[in-house]
Amino acid sequence: DKLRFGPLWDFDLSMGTSQGIVPPDPEQWWVNQPNKPWTNQIAADPTFRTRLNQRWDAIKPAVDQLPQQLIDLGATLEEAVANDAARWDYTVEPDDTAAFLADWLTTRTAWFDAEIDALAAP
């Protein structure tokens with residue numbers, strides 16, 4: 001209970017959207033970087049690795065359902081997205097679509113599977 005991650009925010013610059021910057025790569029760790037050595041230390045801990053693997057196994061079924069849910073929701077929001085773009089005078093880019101997000105999340109999930117399994121291996 002000494003270290004907690006959260007609260008989560010700033011999702012406007014997540015999940016592949018570029019928003020005028022380089023979009024995040026779905027196949028890399030974002031917090032496990034040289035300028036963040038404490039995350040490297042945590043990732044090296046065997047107990048953390050085991051618990052990370054257990055947690056991923058617990059939430060993965062729900063994560064696997066998200067891409068289709070995004071596609072379904074995106075279809076119901078198409079008119080609202082077009083109206084919003086017209087109102088605020090912007091162009092909906094390819095990475096602003098439910099299909100893009102669903103594909104990005106599928107790629108990210110597959111990458112997580114491989115990475116977390118590798119972390120859990122002795």
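Scroll up a little and you will see the structure.
These figures come from a predicted structure and were not determined experimentally.

Student: What is the right way to look at helix α3 (residues 98-120) in this model?
Tutor: Side chains three or four residues apart in an α-helix point the same way, a direct result of the helix having 3.6 residues per turn. In this model α3 runs 32 Å from its N-terminal to its C-terminal C-alpha over 23 residues, within 8% of the 33 Å that 1.5 Å per residue would give. Buried within α3 are the following residues: Ala 102, Trp 104, Leu 105, Arg 108, Thr 109, Trp 111, Phe 112, Ile 116 and Leu 119.

Student: Explanation requested: helix α2 (residues 46-88) in the structure shown.
Tutor: Between the first and last C-alpha of α2 there are merely 50 Å, a value that for 43 residues lags more than 12% behind the 63 Å anticipated at 1.5 Å per step. At Leu 77, α2 shows its maximal kink, close to 55°. Here α2 has its buried residues at Asn 53, Trp 56, Lys 60, Val 63, Pro 67, Gly 74 and Ala 85. At the N-terminal boundary of α2, the capping side chain belongs to Asp 45, with an oxygen 3.1 Å from the backbone nitrogen of Thr 47. Where α2 terminates, the next one or two residues include Asp 89, which has phi positive at roughly 55°.

The rules we used
Residues numbered from 1 in each chain as written. Predicted model: local features only at pLDDT ≥ 70, side-chain atom pairs only at ≥ 80, totals over all residues. Heavy atoms only, no water. Helix = DSSP H or I, 4+ residues; strand = E, 2+ residues; numbered from the N terminus. Expected span 1.5 Å × (residues − 1). Buried < 20%, exposed > 50% of the residue type's maximum accessible area, 1.4 Å probe, protein only. Bend = angle between axes of the 7 residues up to and from the residue. Polar contact = N/O pair within 3.5 Å; in protein donor to acceptor, adjacent residues only side chain to side chain.

By themselves, these observations are geometric and do not establish any function.
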